[in-house]
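Descriptive structure summary
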Amino acid sequence: SLQAVKTSHNELYVASCHLHIILIVFQLFINNQWQDAQSGKTFPTINPSTGEVICHVAEADKTDVDRAVKAARAAFRLGSPWRRMDASDRGLLLTRLADAIERDAGYLAELETLDNGKPYAISYCVDIPNVVKCLRYYAGWADKWEGKTIPIDGDYFCYTRHEPIGVCGQIIPWNFPLLMQAWKLGPALATGNTIVMKVAEQTPLTALYVANLIKEVGFPEGVVNILPGMGPSAGAAIAAHMDVDKLAFTGSTEVGHLIQQASGSSNLKKVTLELGGKSPNIILSDANMEEAVEQAHFALFFNQGQCCCAGSRTYVQADIYDEFVERSVERTKNRVTGDPFDLKTEHGPQIDDEQFKKILNYIDIGKKEGAKMLCGGKAASDKGYFIQPTVFGDVHDQMTIAREEIFGPVMQIMKFKTLEEVLERANDTKYGLAAAVFTKDIDKAHYLSSGLRAGTVWINCYDVFGAQAPFGGFKASGNGRELGEYGLDNYTEVKTVTIKVPQKNS
Amino acid sequence: IGTIPPPLSAPYLTQIFIDNEWHDSVSGKVFPVYDPATGEQICEVQEADKADVDKAVQAARRAFALGSPWRRMDASERGRLLAKLADLVERDSVYLATMESLDCGKPFLTTLFVDLQGTIKTLRYFAGYADKIHGTTIPMDGEYLTFTRHEPIGVCGQIIPWNFPLMMAAWKLGPALAAGNAVVLKPAEQTPLTCLYLGALVREAGFPPGVVNILPGFGPTAGSAIASHMGIDKVAFTGSTEVGKLIQEAAGRSNLKRVTLELGGKNPNIIFADADMDLAVEQAHQGVFFNAGQCCTAGSRIFVEEPIYEEFVRRSVERAKRRVLGSPSDPTTEQGPQISQEQQARVLELIQSGISEGATLECGGKAHGLKGFYVEPTVFSNVTDDMRIAKEEIFGPVQQIMKFKTLEEVIERANDTDYGLAAAVFTNDINKAMAISTAVQAGTVWINCYNALSTQCPFGGYKMSGNGRELGECGLKEYSEVKTITMRLLAKNS
């Protein structure tokens, strides 16, 4: 039977699903082959809705990383099938991968929800389509990433080649497993690199299924290698590896520091980082109240609050503050928490026990430091890692919950008077990932968007992403940009070639 | 290769395609389409004239109106539709290759592996560009925020030739649709069939009605109506330089519509004594004889450095004598007929002028066979620059070989023409290669290769070989209007 499901953006119709999961991939993927970890070790992956083990997955360690890097290096050698391939054919392989994912969307969405806990309606209607769009977008770039010919002084002909960097380590998080995989695969493969990817230990399953599709559509062996494993072992091994040319990491700022240091103490591999945030969402008094409340709610609570760009500091102008808080609390009380496979569910479990405890601890600190807890605040169920959507009002900028990234369903609402004041307060953070402004006034919108130190500024909207639009952080939220044409820069080495000519002419 | 499926046969689409529907011509007139391998009629096709062009332009205008489905569509979705069209062409590639081979006289295998692949790849390339057409934000002086939008131009007229009908349609539709325009496309009267079939695929792919309109008809009527139309914003023409001039005049007389032209060529192919002789002979041969000589890029002036001239001529003649003429459906055929009786006659007339002006006819020189419009592969040596065969575009299987002494001399002679489409140089010496490729006035220069074309590379002419570039990122520019938007700010900050 069909049920209508409303997401934050639009109304969607999704068939109800039955859970038939046959797990087929739980090993390491190296050189287009499935293998156990050298050590034989495995680790469990948990269903966060129930706390139960789904299955055990091979656990990669340093020796496995070494094998994967060797495979990736061999696939990258001069004269290899991957290096000799027409750029347009690299694009065609990415297109075929997108098609295969689209074909298996139902299965992948179920598996994503099982492993991550996000509502199935969202996995199917948001995560998977954006995965497909991202891969198709980068498929189109493969044969369009052009160097230049350059009018250099002297009797020379000068041009640049945009070459792939080489073997790229990619470490991805658990909050959007498939989407984060696509954001990494797309630009790296379009530009001709080879990959050693470590997926998050909390959510390895969908990425491993995609590995099968990578082989099915015809990527040469060794081009993509996928290793499930832990950060301190497999992740650290990649970061410190002397034969990995570049590392892209998405995760916490805390680990980002370690990655950058590891690069310095190993081979100075190029590093790009997509880290945490404490993004300000600024609501001016002339904003459309209904839209602002709904968008601010979505900005914080989407994906159970587990977004790097969550709008976790909601600044509301004084004269609309009371009404805004009241409406936000009402909306939050109506947020439907439940089994993520129920199409009515808006809010699923947190990813694991560690996060669950951490978030409840932040809620305690918030209360202790004097913020006013207006709803929620407790575990929502005695099974799994569900937390009630929680709202704090009268939050002051120096409180812990106003400064530290909670990564959970906890909303902070603050009051402000003037534009100059809110701009200064919004920028008073080590982070700088995203920000938003709600207003009808063209001048105020431009004043704030120019002044906010954030990689993405949304005006009268939130969490609007496109494969075409670059995304990344100022300051401690990261280095470099992903997506868009800009995303290709991180995966390119520019080689300048200068040829002596008998007589230059313009 | 394995087994090649035998060519198929099926009924043809013969009506005018407007608003995703099939129409008879307003006048009721039809015109015949011929198989140039036999001279026999294939079928009759509706003949579009000014009244049909008016209908098509109205449909395209509606499709382009602000707020229309096409204007409101995500750029990435435009790309999806083009990718879908490419997939459909690939699905029906054997059928399309059969129809193209029948209508043009091209060898079937070449059509399947070159024309169809070129068509599919071009559509896929521009499909990938649709959501990558970037404007810029600009650090202007003063308290302003300035950015550009790259908007579609509007309704684009596109007039394509008969030498590569399907591929020329892809070269036109790809960038125009990726950039968001609506199109009125007139295929050549000799070769409308594959383009009309493309209309059916356009509809199947899901393009909104009126975005693509296809009007088979003649140049002086339908083509002229497009060039002069006050409701068409841009015309792109590929064909002869003679007609290119008329198009430019018509645009000037009517509404100053933007004009891009891909015209003729008399392309120099320069062979140095240090070149790889085998490679140079074969490439020079293919360079002039490919598609029965009916390429705007034909390497129809071959300049050979004196020390190797005799040997080069000898080998080229031997290769030309081996060139297999035959039926397009025979897999061993290298060369099919010329497109029409008119073209055949023109080629034979120019061959006669070569003989009467004193060039040495080494082989060929005559029509071939009783049926169809075949001309023997023909080689002239001892050609001097003032002969008609050295100056005029022959568009047939006739190879001219000239002698040269020095680098400076050959550059001057190569550039001594009103054309400037392509050129090539064969040499092992990097300095000679750089010198020639810099000095020669041609839109494309090949080094140690010929006719190496690919959808990523801009292609077009210097001088009277045309205006503007097709393919590559450059190709998109011709289909965009840049709008600069400048907004007052209270206080600019960098």
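Residues numbered from 1 in each chain as written. Chains lettered and ligands numbered in written order. Predicted model: local features only at pLDDT ≥ 70, side-chain atom pairs only at ≥ 80, totals over all residues. Heavy atoms only, no water.

In the annotation of an unreviewed UniProt entry, the entry for chain B reads Aldehyde dehydrogenase 1 family, member A2, and the organism field reads Gadus morhua. What the UniProt record of chain B gives under Sequence similarities (unreviewed entry) is the line "Belongs to the aldehyde dehydrogenase family." (UniProt positions renumbered as here; feature names shortened; annotations may be inferred.)

The name an unreviewed UniProt entry assigns to chain A is Aldehyde dehydrogenase, mitochondrial-like, from the organism Gadus morhua. The Sequence similarities (unreviewed entry) comment attached to chain A in UniProt states, word for word, "Belongs to the aldehyde dehydrogenase family."

1. What to know about the UniProt feature "domain: Aldehyde dehydrogenase" (unreviewed entry) in chain B
Cross-referencing UniProt, the feature "domain: Aldehyde dehydrogenase" (unreviewed entry) maps to residues 22–485 of chain B in the present numbering. Here residues 22–485 of chain B is 41% helix and 20% strand, with 41 Å between the C-alpha atoms at its ends. (Helix = DSSP H or I, 4+ residues; strand = E, 2+ residues; numbered from the N terminus.)

2. Focus on the interface of chain A and chain B
With 22 residues of chain A at the contact, the number on the chain B side is 23 residues. Summed over both partners, the interface of chain A with chain B buries about 2000 Å², with 57% contributed by carbon and sulfur atoms. Three residues, K144, D443 and H446 of chain A, lead the burial of chain A against chain B; their summed loss comes to 25% of the area buried on that side. Our count for the contact surface shared by chain A and chain B stands at one salt bridge. Salt-bridge contacts for D443 of chain A lead to R488 of chain B; the nearest nitrogen and oxygen are separated by 3.6 Å. In this structure, the connection of chain A to chain B is made through five residue pairs in polar contact (both at pLDDT 80 or more). When residues of the side of chain A that touches chain B are traced back to their parent elements, those giving at least two are α3 (87–103), α5 (120–141), α15 (442–451) and β22 (492–500) of chain A. Ranked by residues supplied to the side of chain A that touches chain B, first place goes to α5 of chain A with four residues. Tallied by class, residues from the side of chain A that touches chain B come to eight nonpolar, five polar and nine charged. (Contact = heavy atoms within 4.5 Å. Buried area = accessible area lost by both parts, 1.4 Å probe. Salt bridge = Lys/Arg side-chain N within 4 Å of Asp/Glu carboxyl O. Polar contact = N/O pair within 3.5 Å; in protein donor to acceptor, adjacent residues only side chain to side chain. Nonpolar A, V, L, I, M, F, W, Y, C, P; charged D, E, K, R; others polar.)

3. Describing the pairing of strand β19 (residues 434–438) of chain A
Residues and elements named next belong to chain A. The buried fraction of β19 amounts to five of the five residues, a majority that puts the element mostly inside the structure. Alternating residues of β19 divide into A434, A436 and F438 and A435 and V437, and every residue in both groups is buried. The pairing of strand β14 (residues 280–283) with β19 spans three bridges and is classified as parallel. Among the inter-strand pairings, I283 is bridged to a residue of β19, identified as F438. Taken together, the four bridges between β19 and strand β20 (residues 456–459) define a ladder with parallel strand orientation. Residue pairing in the sheet places A434 in a bridge with T456 of β20. Handedness of the crossover joining β19 and β20 through α15 is recorded here as right-handed. (Buried < 20%, exposed > 50% of the residue type's maximum accessible area, 1.4 Å probe, protein only. Pairing = 2+ DSSP bridges. Right-handed = clockwise from strand over helix to strand, strands pointing away.)

4. Remarks on the UniProt feature "active site" (unreviewed entry) in chain A
Following the UniProt record, the feature "active site" (unreviewed entry) maps to E274 of chain A here. E274 of chain A has contacts with F249, T250, G251, L433, F471, G472, S477, G480, R481 and E482 of chain A, leaving out every residue within four places of it along the chain.

5. With respect to the side chain of T260 of chain B
Residues and elements named next belong to chain B. Checked against the element boundaries, T260 lands in strand β11 (residues 258–262). Among the polar contacts listed, one links the side chain of T260 to the side chain of K234, at a separation of 3.0 Å. Not counting the four nearest positions on each side in its chain, T260 is found in contact with K234, V235, A236, F237, N467, G468 and E478.

6. Quick look at the pattern of salt bridges
Inspection of every chain in the model, using the stated rule, returns 61 salt bridges over all chains. Between R149 of chain B and E151 of chain B there is a salt bridge, with the nearest N and O atoms lying 2.7 Å from each other. By relative accessible area, which is 40% here, R149 of chain B ends up partly exposed. We note a salt bridge from R315 of chain B to E311 of chain B, for which the minimum N-O separation is 2.9 Å. Residue R315 of chain B and its partner E311 of chain B are both found in helix α11 (residues 309–321); the two are separated by four residues, about one turn of the helix. Given a relative accessible area of 25%, R315 of chain B falls into the partly exposed group. With a relative accessible area of 29%, E311 of chain B lands in the partly exposed category. Here the salt bridges do not stand alone but share partners, grouping R96, D99, E102 and R136 of chain A into one network.

7. Quick word on the confidence of the model for chain A
When pLDDT is averaged across chain A, the result is 94; 95% of the residues are at 70 or more. Across residues 1–18 of chain A the pLDDT falls below 50, and counting only partners more than four positions away or on other chains, this stretch makes 35 contacts in the model. (pLDDT = per-residue confidence, 0-100.)

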